[in-house]
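Chain and residue survey
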Amino acid sequence: MNLIVFAPVGASLALIFAAYFAYTIFKVDEGTDRMKYIASSIRKGANAFLKRQYKGVGIFFIFMFIVLFILAQFKFVSIFMPFAFLTGGIFSGLSGYLGMKIATNSNSRTANACTKSLNSGLRVAFSSGLVMGLVVVGLALADLSIWYLILNCYYSYLPIDQRISIITTTMLTFSMGASSMALFARVGGGIFTKAADVGADLVGKVEIGIPEDDPRNPAVIADNVGDNVGDVAGMGADLYESYVGSILSSCALAVSAGLSVKGAAIPLVIASIGVMASIVGSFFVRSKEDVSQKALLGALRRGTYFSAIVIAIASFFVVNNILGKGHLGVYFSILCGLIAGLLIGFFTEYYTSDNYKPTKSIAESSETGPATVIITGLSVGMKSTAAPVIIIGCSILISYVSSGGLTNFNMGLFGIAISSVGMLSTLGITLATDAYGPVADNAGGIAEMAGLPSEVRDKTDALDSLGNTTAATGKGFAIGSAALTALAFIAAYKNSIEQMAIENNLSFTFDLSILNPQVLIGAFIGAMVTFAFSSCTMSAVGRAASKIVIEVRRQFKEIKGLMDGKAEPDYESCVDICTKSSQKELLVIAAIAIITPLAVGLILGPNGVAGLLAGATISGFVLAVMMSNSGGAWDNAKKHIEAGNFGGKGSECHKGAVVGDTVGDPFKDTSGPAINILIKLMSIVSIVFGMVILTFHIF
């Protein structure tokens, strides 16, 4: 039990160093008055969006709290569930909010630091991302520690084995609040950012022919706001939920495998060591002046690889000392997850970076127009699904076998779950390389709008282009971890239903044969729901972007002197349109994730839900990879042309690539990332409402 003290220690270290890095960022000057004004406008828009979003989300959380509280009175869920649901949502939202606050205070400082050196700009932007990463893991471990202490005290009268079983089973349901908040943040932020981005590009670049981030474009501030609310606040809430879910599912499955409190302690200890490794690894991120994209990427990779090596070495001693030599196979499961995460990142980089053939082929296809850009981009995205699927498949198989799954099924399931912890153990620094991207993107926009010298924009463009690649690899990493976490949740769902049936003297036995009609129908529905969900998010972006296009056209037509730079555009109207549009679409999209497993469960029963979760996980994983990589490749193909290839900026090739990028934007920043949350939220809803499904299902 004493080993679990690692969790609050890790949480404290993460939050202390997050505060330290934030302090170093605020010591950097924001730059000229014009830069300060632009940065202030971006902060104002981001705060307005989150304020409106949290009001809507607050209503949903109050409603769900009442529902869960009523269910608790009838013993369908634990009495702790309604309160834990709230804390999960609050901590998830807080991690995204704090990340966004530091990002919106780092963008102008990054641009100003680039007036001195490329390394100075890299350090500010990366430190901002590091604050985000450390806040996420720190608050996650803090939330887990608080609830563990509460439950351990409440059940202190029970023997240790029975106590830890109840604690882990109860805590497993806590991530529902985090998942719900993550869905709202990811989808709402994704709709906002891509509506602004697509609208700004279609009118500004394609129709009028002005540069990206041109201050004459009325949607340019909304675009920069969107980078923060979608790619920082949304992403932070998303990965907070993945991180918590992987730890909780592995703790619960460790107890089911008979490892008791020792097995439950391992994920927490490894996560805490990961915090320390991420902090130390961050100091290895440095670059020289006038370096290539490959060298810049290498600077970031040094930090992540160092952290991964530390975890690989430390995990051996953790498993050996806690479980003994008889369970060293668990170490190989952890190692397998860690390597799988790195490999998925590598292949994502291959398919999305313009250093490699796939993205270059998209740029080359622009010579024959936008249609071939779209066709080639879709082809690249579809092809890119092969490597992650094979990697995850191998990771599952090796983790299952090495942990003892051939002789003990539950140990095999624990091995799969702990591999997801291994993959996410370096989240502190991995998330930093991802969250760094939007800050660099904003810095480039501020440099352009503030009229800084061209050499400054060259540096911010180098950082921004790097950010596109790290963001793509970050999304691949998030998708891979979501697949493993969702699989662990499915195993936890099965164990939870079986335990409920025993405790309540209900006659039920799982029949998960693919020939069971309930399972087969559920699998079909699960495969379908990821496409229906993606359709809703894509349509939402399309509708919102159309409104932005109309508004930007109106302003260029009606505001005299705007095109000549003699009049100021109405930036706030575009921010307001994006904010209202994103919030309007949220409830229907969120309802899909919550109502689907309940409806399937009440009709088809627990077997049908198991099929639903399996179908959604498989189709969702492949679809998310395809959409994320297609979008990243289209974006970097455009950047490749803007670097002077195939005619450069303003050419017909460039216009065709911009069209591809506008299609790819909602692919990679709205629908693709949101599928991660969908498959995990449906799993956790199935666990939370398991007793309701078990009691009232028709079959």
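From a predicted model like this one, the values you see are computed outputs, not experimental measurements.

**Overview of the overall build of the chain**
Along its length, the chain carries 21 helices and zero strands. Its C-alpha atoms give the chain a radius of gyration of 24 Å, near enough to 27 Å, the size a compact globule of 699 residues would have. Across the 699 residues in the chain, those meeting the buried criterion constitute 66%. Here the chain displays about 23,800 Å² of accessible surface, and carbon together with sulfur accounts for 66% of that area. Distance between charge centroids for the chain: 4 Å, based on 47 positive and 46 negative side chains.

**Quick word on the side chain of Thr 662**
Within the secondary structure, Thr 662 is located in helix 20 (residues 652-688). Look at Thr 662 and you get buried, because its relative accessible area is 9%. Only 2.6 Å separates the side chain of Thr 662 from the backbone oxygen of Val 659, close enough to count as a polar contact. Those residues in contact with Thr 662, other than ones at most four positions away along the chain, are Val 198, Asp 201 and Leu 202.

**Examining the environment of Ala 312**
Within the secondary structure, Ala 312 is located in helix 10 (residues 293-322). Looking at Ala 312, the relative accessible area reads 16%, which means it is buried. Sequence separation between Ala 312 and Ala 72 is 240 residues, and the spatial gap between their C-alpha atoms is 42 Å. Contacts of Ala 312, omitting those with residues within four sequence positions, involve Tyr 331, Leu 335 and Leu 338.

**Thoughts on the pattern of salt bridges**
Counted by the stated rule, this structure contains 25 salt bridges. Glu 241 serves as the salt-bridge partner of Lys 680, at 2.8 Å between the closest nitrogen and oxygen. You can see Lys 680 sitting in helix 20 and its partner Glu 241 sitting in helix 8 (residues 220-256), a full 439 residues away along the chain. The buried category is assigned to Lys 680, whose relative accessible area is 0%. For the salt bridge of Lys 668 with Asp 635, the shortest nitrogen-to-oxygen distance reads 3.5 Å. Here the residue Lys 668 occupies a position in helix 20, and Asp 635 occupies one in helix 19 (residues 571-642), the gap between them amounting to 33 residues. The residues Lys 668 and Asp 635 share a single accessibility class, namely buried.

**Points about the UniProt feature "site: Determinant of potassium dependence" (unreviewed entry) in the chain**
As annotated by UniProt and renumbered to match this structure, "site: Determinant of potassium dependence" (unreviewed entry) occupies Ala 471. Assignment of secondary structure puts Ala 471 in helix 17 (residues 454-503).

**Details of the packing of helix 8 against helix 16 (residues 427-449)**
Interhelical geometry of helix 8 versus helix 16 gives an angle of 175° and a closest axis separation of 10 Å. If you check the angle between helix 8 and helix 16, you find them roughly antiparallel. Of the residues in helix 16, those in contact with Val 220, Ile 221, Asn 224, Asp 227, Asn 228, Asp 231, Val 232, Met 235, Leu 239 and Tyr 243 of helix 8 are Leu 427, Leu 431, Asp 434, Ala 435, Pro 438, Asp 441, Asn 442, Gly 445 and Met 449. Residue classes in the contact of helix 8 with helix 16 are distributed as 11 nonpolar, four polar and four charged.

**Some words on helix 12 (residues 357-365)**
Turn by turn, an α-helix covers 3.6 residues, leaving residues three or four places apart pointing in a common direction. Within helix 12, burial applies to Pro 358, Thr 359, Ile 362, Ala 363 and Ser 365. Taken down its axis, helix 12 places every buried residue within 165° of arc, on the same side. Taken together, the buried residues of helix 12 touch helix 11 (329-352), helix 13 (370-383) and helix 19.

**Quick look at the packing of aromatic side chains**
This model, assessed by the stated rule, comprises 26 aromatic pairs. Seen in terms of ring centroids, Phe 284 and Phe 306 are 4.5 Å apart; in terms of plane orientation they differ by 25°. Their pairing is stacked. Highlighted residues: Phe 284 in the loop between helix 9 (260-282) and helix 10 and Phe 306 in helix 10, separated in sequence by 22 residues. A residue is classified by how much of its surface remains accessible, and Phe 284, at 38% relative accessible area, is partly exposed. Ring plane angle 80° and centroid distance 5.0 Å describe the contact between Phe 508 and Phe 510, whose orientation is recorded as edge-to-face. The class of Phe 510 is buried, set by a relative accessible area of 13%.

**Quick word on unusual backbone geometry**
In this model, Lys 75 sits at a positive phi of 70°, which is unusual for a non-glycine residue. On the basis of relative accessible area, Lys 75 is assigned to the exposed category, the value being 70%. At Phe 646, a position not held by glycine, the phi torsion is positive, near 50°. Its location among the elements puts Phe 646 in the loop between helix 19 and helix 20.

**Overview of the nonpolar core**
Membership of the largest hydrophobic core comes to 209 residues, with the highest contact counts inside it found for Met 171, Met 176, Ile 221, Tyr 243, Leu 427, Phe 533 and Phe 689. In contact with Ile 221, not counting residues within four places along its chain, are Ile 38, Ser 41, Ile 42, Met 449, Tyr 571 and Val 575. Of all hydrophobic cores here, the second largest spans 28 residues; its members include Ala 308, Ala 312, Ala 314 and Phe 414.

**Quick word on a nonpolar patch on the surface**
Where nonpolar side chains cluster on the molecular surface, the patch consists of Tyr 20, Tyr 23, Val 280, Phe 283 and Phe 284 and spans about 510 Å² of accessible area. With respect to the helices and strands, the residue Val 280 is situated in helix 9. Exposure remark for Val 280: the relative accessible area of 41% places this residue in the partly exposed category.

Reading the values: rules and limits
- Residues numbered from 1 in each chain as written.
- Predicted model: local features only at pLDDT ≥ 70, side-chain atom pairs only at ≥ 80, totals over all residues.
- Heavy atoms only, no water.
- Helix = DSSP H or I, 4+ residues; strand = E, 2+ residues; numbered from the N terminus.
- Rg over C-alpha atoms; globule rule 2.2 N^0.38 Å.
- Buried < 20%, exposed > 50% of the residue type's maximum accessible area, 1.4 Å probe, protein only.
- Areas by Shrake-Rupley, 256 points an atom, 1.4 Å probe, with all protein chains shown as cover.
- Lys, Arg positive; Asp, Glu negative; His and termini not counted.
- Charge placed at Lys NZ, Arg CZ, Asp CG, Glu CD.
- Polar contact = N/O pair within 3.5 Å; in protein donor to acceptor, adjacent residues only side chain to side chain.
- Contact = heavy atoms within 4.5 Å.
- Salt bridge = Lys/Arg side-chain N within 4 Å of Asp/Glu carboxyl O.
- UniProt positions renumbered as here; feature names shortened; annotations may be inferred.
- Axes fitted to C-alpha atoms, helices over the stretch in contact; angles between N-to-C directions.
- Parallel < 35°, antiparallel > 145°, perpendicular 65-115°, else oblique.
- Nonpolar A, V, L, I, M, F, W, Y, C, P; charged D, E, K, R; others polar.
- Arc of directions from axis to C-beta.
- Phe/Tyr/Trp six-rings, centres within 6.5 Å; stacked < 30°, edge-to-face > 60°.
- Core = buried A, V, L, I, M, F, W, Y, C linked by side-chain atoms within 4.5 Å.
- Patch = residues over 30% accessible without salt bridge, like charges linked within 9 Å, V, L, I, M, F, W, Y side chains within 5 Å.

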